[in-house]
Amino acid sequence: MTVTAVHKDSEKLTLTLDAEFDASPEQVWNLWADPRKLERWWGPPSYPATFTAHDFRVGGRSEYYMTGPEGPTPFLGYWQILDLDPPRSIRIEDGFVTDGSPNDLPGPGGMNVTILPIDGGRTRMTIENVFPDQAAMEQLLAMGQEEGLTQAIGQIDAILAEDATPAGAR
Amino acid sequence: MQIVPADFDRMFGALADPTRRDIVRRAIGGDEGILELAGHYPMSFAAVQKHVAILERAGLITKDRIGRRKVVRANVEGLRIVRRLLDQYEELWRSRIGRMAELLAEEAPGAQKGIER
């Protein structure tokens with residue numbers, strides 16, 4: 001498969017994925033550098049992203065919106081390009097510009113991309129995702145380990161399963 | 001399935017604070033009002049009230065009226081969503097990488113078009 005490794009690090013609070021492509025590092029680089037290519041993979045087909053700006057150089061900024069079944073979503077996403085070393089590495093801060101009052105919104109997250117040639121003319125891309133909020137991610141990971149909380153949620157799961165209301169959502 | 005990123009952000013943001021995480025923990029199967037909750041923390045009632053409000057906005061807790069009392073309870077559905085966030089993040093990236101591979105495959109036949117940068 002394309003994705004060869006996934007690593008969730010509770011110390012560094014990151015999610016890292018390795019992927020291998022039958023392509024050159026330059027081609028993989030262009031998936032990030034070319035806004036028309038970027039638009040074809042950043043958002044899912046049901047919520048495609050449209051990049052209204054993509055200033056792909058150190059210090060540059062990108063902005064995009066996504067379009068769902070009911071039209072454009074109310075939030076604007078942005079990238080701040082922190083560092084580039086073509087075609088080897090990309091460092092981006094990404095976040096959302098919200099319309100509403102952003103009082104309890106976390107700071108932006110980060111993406112660190114490394115692109116390396118490997119055997120057979122293939123390319124390995126590593127994406128390190130630094131979570132929008134690291135304390136929150138720690139919490140997520142801890143939830144799986146804290147017996148108290150896990151147990152409690154398990155119990156509640158059971159209770160909910162009993163009187164399951166037909167999930168009317170969606 | 002698509003979850004609006006703004007909601008993710010709000011949940012992440014709400015859980016970014018150790019006091020709020022502790023409130024959520026206590027609110028699971030808990031039976032305390034804000035006043036009782038406030039007793040656990042070395043801060044003002046108003047400060048605890050503010051934390052509770054942020055958690056409520058994020059959909060992680062609800063204030064239920066029981067008789068005369070208002071009890072702070074964890075919103076299980078909200079917590080479940082949080083629990084799944086990490087996996088969903090992985091899924092998000094897996095699908096992005098899948099689309100990347102497709103794009104590259106489209107370019108493959110004439111490969112090495114050598115796009116300079």
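Residues numbered from 1 in each chain as written. Chains lettered and ligands numbered in written order. Predicted model: local features only at pLDDT ≥ 70, side-chain atom pairs only at ≥ 80, totals over all residues.

As for the overall build of chain B
- For chain B, the count of helices and strands is 5 helices and 2 strands.
- Each helix and strand of chain B, placed in order from N terminus to C terminus, yields the pattern α-α-α-α-β-β-α.
- With 117 residues in all, chain B has 30% of them scored as buried.
- For chain B, contacts bridging at least 24 residues in sequence account for 53% of all contacts bridging at least 6. (Helix = DSSP H or I, 4+ residues; strand = E, 2+ residues; numbered from the N terminus. Buried ≥ 20, exposed ≤ 12 C-beta atoms within 10 Å, placed from the backbone. Contact = placed C-beta atoms within 7 Å.)

Observations regarding the overall build of chain A
- Assigned secondary structure in chain A consists of 4 helices and 8 strands.
- The buried share of chain A, taken over its 170 residues, is 26%.
- Within chain A, counting contacts between residues at least 6 apart in sequence, those at least 24 apart form 33% of the total.

So, helix 4 (residues 45–57) of chain B
- Between its first and last C-alpha atoms helix 4 of chain B spans 18 Å; for 13 residues at 1.5 Å apiece the expected length is 18 Å, and the two agree.
- In the stretch just after helix 4 of chain B, B:Gly59 is the one whose phi turns positive, near 75°. (Expected span 1.5 Å × (residues − 1).)

Remarks on the environment of A:Trp41
- Considering the arrangement of structural elements, one finds A:Trp41 in helix 2 (residues 35–41).
- Overall, the presence of 21 C-beta atoms within 10 Å leaves A:Trp41 in the buried class.

Section: the nonpolar core
- Grouped together as the largest cluster of nonpolar side chains are 23 residues, with contacts concentrated most on A:Phe21, A:Val28, A:Leu31, A:Trp41, A:Met125, B:Met100 and B:Leu104.
- Of all the elements in the fold, those that place two or more residues in this core are strand 2 (14–21), helix 1 (25–33), helix 2, strand 5 (71–85), strand 6 (89–97) and strand 8 (122–130) of chain A together with helix 5 (76–107) of chain B.
- A per-element tally of this core places helix 5 of chain B first, with 5 residues.
- If we ignore the near neighbours within four places in the chain, the residues touching A:Val28 are A:Phe21, A:Ala23, A:Ile115, A:Thr123 and A:Met125.
- By size, the runner-up hydrophobic cluster in this structure holds 16 residues, among which are B:Met11, B:Leu37, B:Val48 and B:Ala58. (Core = buried A, V, L, I, M, F, W, Y, C linked by C-beta atoms within 7 Å.)

Observations concerning the packing of helix 2 (residues 18–27) of chain B against helix 4 of chain B
Residue and element names in this part refer to chain B.
- It is the contact of helix 2 with helix 4, at a shortest axis distance of 10 Å, that shows an interaxial angle of 70°. With respect to their mutual orientation, helix 2 and helix 4 come out roughly perpendicular. For the pair helix 2 and helix 4, contact is made by Thr19, Arg20, Ile23 and Val24 and by His51, Val52, Ile54 and Leu55, respectively.
- Residues of the contact of helix 2 with helix 4, tallied by class, amount to 5 nonpolar, 2 polar and 1 charged. (Axes fitted to C-alpha atoms, helices over the stretch in contact; angles between N-to-C directions. Parallel < 35°, antiparallel > 145°, perpendicular 65-115°, else oblique. Nonpolar A, V, L, I, M, F, W, Y, C, P; charged D, E, K, R; others polar.)

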